[in-house]
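# Observations on the three-dimensional arrangement
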Amino acid sequence: MTEKNCQIRSMTNADLEQVLAWRNEPDIRRYMLTQHEISLTEHRQWYERNSQDPTRRLLIVEEDGMALGFVHFSGVAPGGIADWGFYAAPGAAKGSGHKLGVTVLNFAFGTLGLHKVCGQALDFNEASIRFHRKLGFQQEGVLRQQHKGADGYHDLICFGLLREEWNSRTEVNNG
Ligand SMILES: CC(C)(COP(=O)(O)OP(=O)(O)OC[C@H]1O[C@@H](n2cnc3c(N)ncnc32)[C@H](O)[C@@H]1OP(=O)(O)O)[C@@H](O)C(=O)NCCC(=O)NCCS
């Protein structure tokens, strides 16, 4: 599966305000594990810490120069088991999330040489749950009432995708 017009690049200082605006959108923030509105100072500190860390990647995915969204990985190492998190650019067309996912997983298992990618979604995040399943992730567990939100406790659904599973998807090489 390839997304021919999609490119992936590292987030830079120039993306700080754009990424913060996405992260603070109510329809993104409500699905995150920390749901307060993030200040520019806090965001800059997060960026400085994470962009210097060789086990992390902060990435922007674009299609024909238009941003599709943001993805980050932690636990990056050849043969490593990494966690990812992501959000589509607000207002991006339907299907943007899937394109972003395909582009990033090709990069993760190809360029980064990861062995496994893991994701977690809150139980009410239907879009993320469908997104993971459609990309071939297996549900590996449920952390019961692991998250305390304003409306009570929520389960965290854990997903995992192995490199061999991604590479065996028939679409991978037929894009
Ligand atoms: C998760 C996210 C990246 C998916 O991107 P997207 O552009 O909405 O997804 P796509 O249009 O490619 O659709 C992917 C699947 O999710 C489904 N989906 C999308 N929005 C949905 C919604 N609101 N409710 C239920 N399913 C939804 C689509 O129908 C599709 O499944 P299908 O092909 O079986 O119908 C995006 O919704 C997002 O950024 N959400 C907010 C941040 C977030 O939740 N990040 C993940 C934290 S774990």
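Predicted, not measured: the structure shown is a model, and the values here were computed from it.

The rules behind these values
Residues numbered from 1 in each chain as written. Predicted model: local features only at pLDDT ≥ 70, side-chain atom pairs only at ≥ 80, totals over all residues. Heavy atoms only, no water. Helix = DSSP H or I, 4+ residues; strand = E, 2+ residues; numbered from the N terminus. Rg over C-alpha atoms; globule rule 2.2 N^0.38 Å. Buried < 20%, exposed > 50% of the residue type's maximum accessible area, 1.4 Å probe, protein only. Contact = heavy atoms within 4.5 Å. Areas by Shrake-Rupley, 256 points an atom, 1.4 Å probe, with all protein chains shown as cover. Lys, Arg positive; Asp, Glu negative; His and termini not counted. Charge placed at Lys NZ, Arg CZ, Asp CG, Glu CD. Near = heavy atom within 4 Å. Polar contact = N/O pair within 3.5 Å; in protein donor to acceptor, adjacent residues only side chain to side chain. Pairing = 2+ DSSP bridges. Axes fitted to C-alpha atoms, helices over the stretch in contact; angles between N-to-C directions. Salt bridge = Lys/Arg side-chain N within 4 Å of Asp/Glu carboxyl O. UniProt positions renumbered as here; feature names shortened; annotations may be inferred.

Along the protein, the regular secondary structure elements total six helices and seven strands. Going residue by residue from the N terminus, the α and β elements of the protein occur as β-α-α-α-β-β-β-α-β-α-β-β-α. Its C-alpha atoms give the protein a radius of gyration of 16 Å, within 12% of the compact-globule value 16 Å for 175 residues. The proportion of buried residues among the 175 residues of the protein is 43%. A sequence separation of at least 24 residues applies to 62% of the contacts in the protein between residues at least 6 apart. When the accessible surface of the protein is totalled, it reaches about 9600 Å², and 47% of it is carbon and sulfur. For the protein, the centre of its 19 positive side-chain charges and the centre of its 21 negative side-chain charges are spaced 2 Å apart.

Time to look at the site of the ligand. With respect to spatial proximity, 19 residues lie near the ligand, and among them A88, G95, N125, R130 and K134 are the closest. One nitrogen or oxygen atom from the main chain of G95 is found 2.7 Å from an oxygen atom belonging to the ligand. Looking at which element gives the most residues to the shell around the ligand, the answer is helix 5 (residues 126-134), with five residues.

Here the focus is the sheet that holds strand 4 (residues 81-88). Pairing in this open sheet of seven strands is mixed, and the strands run 1-2-3-4-5-7-6 from one edge to the other. The open sheet is flanked by strand 1 (6-10) and strand 6 (138-149), the only strands paired with a single partner. Adjacent strand axes in the sheet meet at a mean angle of 30° when their direction is disregarded. Of the pairings in the sheet, the one linking strand 2 (residues 56-63) to strand 3 (residues 66-74) comprises eight bridges and is antiparallel in character.

Its location among the elements puts P26 in helix 2 (residues 26-29). Judged by its relative accessible area of 52%, P26 is exposed.

Within this structure, the stated rule accounts for five salt bridges. Taking the shortest distance from any N to any O, the salt bridge between E63 and K99 comes out at 2.9 Å. Remark: K99 occurs in helix 4 (residues 96-109) and E63 occurs in strand 2; sequence separation between them is 36 residues. In this structure, the salt-bridge partner of E140 is K116, at a minimum N-O distance of 3.1 Å. Of this pair, E140 sits in strand 6 while K116 is found in strand 5 (residues 116-122), placing the two residues 24 residues apart along the sequence. Through salt bridges with shared partners, one network takes in R9, D15 and E62.

It is worth spelling out the side chain of K116 at this point. For K116, a relative accessible area of 17% gives the class buried. A polar contact is formed between the side chain of K116 and the side chain of E140, at a distance of 3.1 Å. In this view, K116 contacts G80, I81, A82, F109, E140, G160, L161 and L162; residues no more than four positions away in its chain are not counted.

Sequence positions flagged by UniProt for "domain: N-acetyltransferase" (unreviewed entry) are, in local numbering, residues 6-164. Helix and strand shares over residues 6-164 are 31% and 38% respectively, and the end C-alpha atoms of the span are 23 Å apart.

Take unusual backbone geometry next. Phi at D64 is positive, roughly 50°, even though this residue is not glycine. For D64, the position within the fold is in the loop between strand 2 and strand 3. Since its relative accessible area comes to 57%, D64 is described here as exposed. We note that Q145 has phi near 45°; this positive angle belongs to a residue other than glycine. When its relative accessible area of 53% is taken as the criterion, Q145 is described as exposed.

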